[in-house]
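Fold and geometry: a report
Listed here are the chains, written in short residue letters.
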Amino acid sequence: MEVLIFDNEADVSSYAARIFSKLMRRKPDAVLGFATGSTPEPMYAEMRRQHTEESLDFGRVTTFNLDEYVGLAADDRNSYHYYMWKVLFDHVNVRSDRINIPDGMSNDVPATCDDYEKRIQAAGGIDLQVLGVGGDGHIGFNEPTSSLASRTRIRTLTQKTREDNARFFGAVSDVPRHCITMGIGTIMDAREIVLLAFGERKANAIRQVVEGPISAMCPATVLQLHAKATVLIDKGAASRLRLKEYYKEVAANKPDWQRV
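Let me sum up the structure you'll find in this document. (Residues numbered from 1 in each chain as written. Predicted model: local features only at pLDDT ≥ 70, side-chain atom pairs only at ≥ 80, totals over all residues. Heavy atoms only, no water.)

1. Side note on unusual backbone geometry
Residue S55 is not a glycine yet carries a positive backbone phi of 60 degrees. By the element assignment, S55 lies in the loop between α2 (41-54) and β3 (62-65). Its relative accessible area of 60% is what places S55 among the exposed residues. Not every positive phi belongs to a glycine, and T145 is a case in point at roughly 85 degrees. As for its position among the elements, T145 is in the loop between β6 (128-131) and β7 (153-156). (Helix = DSSP H or I, 4+ residues; strand = E, 2+ residues; numbered from the N terminus. Buried < 20%, exposed > 50% of the residue type's maximum accessible area, 1.4 Å probe, protein only.)

2. Quick word on the pairing of strand β1 (residues 2-6)
Burial within β1 is extensive, with four of its five residues counted as buried. Direction of pairing for β1 relative to strand β10 (residues 229-234): parallel, over a ladder of five bridges. Bridge assignment links V3 to a residue of β10, and that residue is V231. (Pairing = 2+ DSSP bridges.)

3. Remarks on α2
Spanning 14 residues, α2 covers 19 Å between terminal C-alpha atoms, matching the ideal 20 Å at 1.5 Å per step. For α2, every residue scored as buried is listed here: M43, Y44, E46, M47 and Q50. The arc that holds every buried residue of α2, seen down its axis, measures 160 degrees, which confines them to one face. Along α2, exposed side chains directed more than 90 degrees from the buried face belong to T52 and E53. Backbone geometry just downstream of α2 places S55 in the positive-phi region, at approximately 60 degrees. (Expected span 1.5 Å × (residues − 1). Arc of directions from axis to C-beta.)

4. Digging into the packing of α2 against helix α3 (residues 80-87)
Where α2 meets α3, the axes come as close as 10 Å, and the angle between the chain directions of the two elements is 40 degrees. Overall, the two elements α2 and α3 adopt an arrangement that is oblique. Together, E41, Y44 and R48 of α2 and Y83, M84 and V87 of α3 make up the contact between the two elements. Looking at side-chain class alone, the contact of α2 with α3 contains four nonpolar, no polar and two charged residues. (Axes fitted to C-alpha atoms, helices over the stretch in contact; angles between N-to-C directions. Parallel < 35°, antiparallel > 145°, perpendicular 65-115°, else oblique. Contact = heavy atoms within 4.5 Å. Nonpolar A, V, L, I, M, F, W, Y, C, P; charged D, E, K, R; others polar.)

5. Considering the pattern of salt bridges
Within this structure, the stated rule accounts for 15 salt bridges. Between D115 and R119 there is a salt bridge, and its shortest N-O distance comes to 3.0 Å. Of the two residues, D115 and R119 both sit in helix α4 (residues 109-122), four residues apart, roughly one turn of that helix. Taking relative accessible area as the criterion, D115 reaches 37% and is therefore assigned partly exposed. Notably, a salt bridge pairs E192 with K228, separated by 3.7 Å at the nearest N-O pair. Here E192, found in strand β9 (residues 192-197), pairs with K228, found in the loop between α7 (203-211) and β10; they are 36 residues apart in sequence, far enough to count as distant. (Salt bridge = Lys/Arg side-chain N within 4 Å of Asp/Glu carboxyl O.)

6. Overview of the packing of aromatic side chains
Per the stated rule, a full pass over the model turns up eleven aromatic pairs. Ring centres of F6 and Y15 lie 5.2 Å apart, and the angle between their planes is 50 degrees; this geometry places the pair in the tilted category. Of the two residues examined, F6 and Y15, each falls in the buried class. Plain terms: the ring middles of F64 and Y116 are 5.6 Å apart, the flat faces sit at 80 degrees to each other, and that makes the pair edge-to-face. Placement of the pair is F64 in strand β3 and Y116 in helix α4, with a sequence separation of 52 residues. An identical accessibility class is assigned to F64 and Y116; each is buried. A network of ring pairs unites the aromatic residues F20, F34, Y44, W85 and F89 as a single cluster. (Phe/Tyr/Trp six-rings, centres within 6.5 Å; stacked < 30°, edge-to-face > 60°.)

7. Observations concerning the packing of helix α1 (residues 9-26) against α2
α2 packs onto α1 with a crossing angle of 50 degrees between their chain directions and a minimal axis gap of 8 Å. Relative to α2, α1 is oriented oblique. Like other packed secondary-structure pairs, α1 and α2 cross with a definite hand, here right-handed. Between α1 and α2, the contacting residues are E9, S13, S14, A16, A17, R18, F20, S21, M24 and R25 on the first element and P42, M43, E46, M47, Q50 and E54 on the second. Grouping the constituent residues of the contact of α1 with α2 by class yields seven nonpolar, four polar and five charged. (Left-handed = near helix turned anticlockwise from the far one by under 90°.)

8. Considering the pairing of β3
Along β3, one buried face is formed by T62 and F64 and the opposite face, lined by T63 and N65, is buried too. Sheet topology places strand β2 (residues 31-34) next to β3; four bridges connect them, and they run parallel. Residue V31 lies in a different strand from β3, and its bridge partner there is T62. Each parallel crossover has a hand, and the one from β2 via α2 to β3 is right-handed. (Right-handed = clockwise from strand over helix to strand, strands pointing away.)

Structure below.
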């Protein structure tokens, strides 16, 4: 696991966008794994800028999103379908038939989840997956105690997650109780993973993710086992890391060929 600490959210997001654009220029038909929420929004804004100003081409990429609420239609303003079109897809030349987001209105959720796994496999697997992390260490909607080998499935959201997401809905009671999410095993199959976190409210989670024991109680700790996982954080999120000075030293002395 590589840990890179930046001064602020903008610098984190710019670096993350460069990781994606470097892959897309090298492999125009890359399979990209996207996340939702406030954390990746600045990264998507930078990707939009690169598309407009630097000719970053989305024409051949395939995308898979981590999750979707059960019971929300694609045109619901709180659905992750709606979110992705608003923050990225409406602004770049991605093909709609190459966009994959779980169907929250499915009449057969288990079959939908199985099909999602098959679509990922048929696309050749995800090349690069971006993640945020919850205050309790969840990734996607894989809440604490989720199996570290889990695949795409339905999950019941914890009260804390619903409270955290209530700001998008107006009230906790409006937040759906269930979601479809990629499993932890599905996420770990990605060839490369980038996790983003901002602010001191994520500091405890980041300390566990980077320096804590691997445990289903903090699902994101499983990233310690990934061959190519990069944690991109600002000073606030890094504030509780015991070895943060070491991580800075490693980053400052990377060979040029390792830099993005």
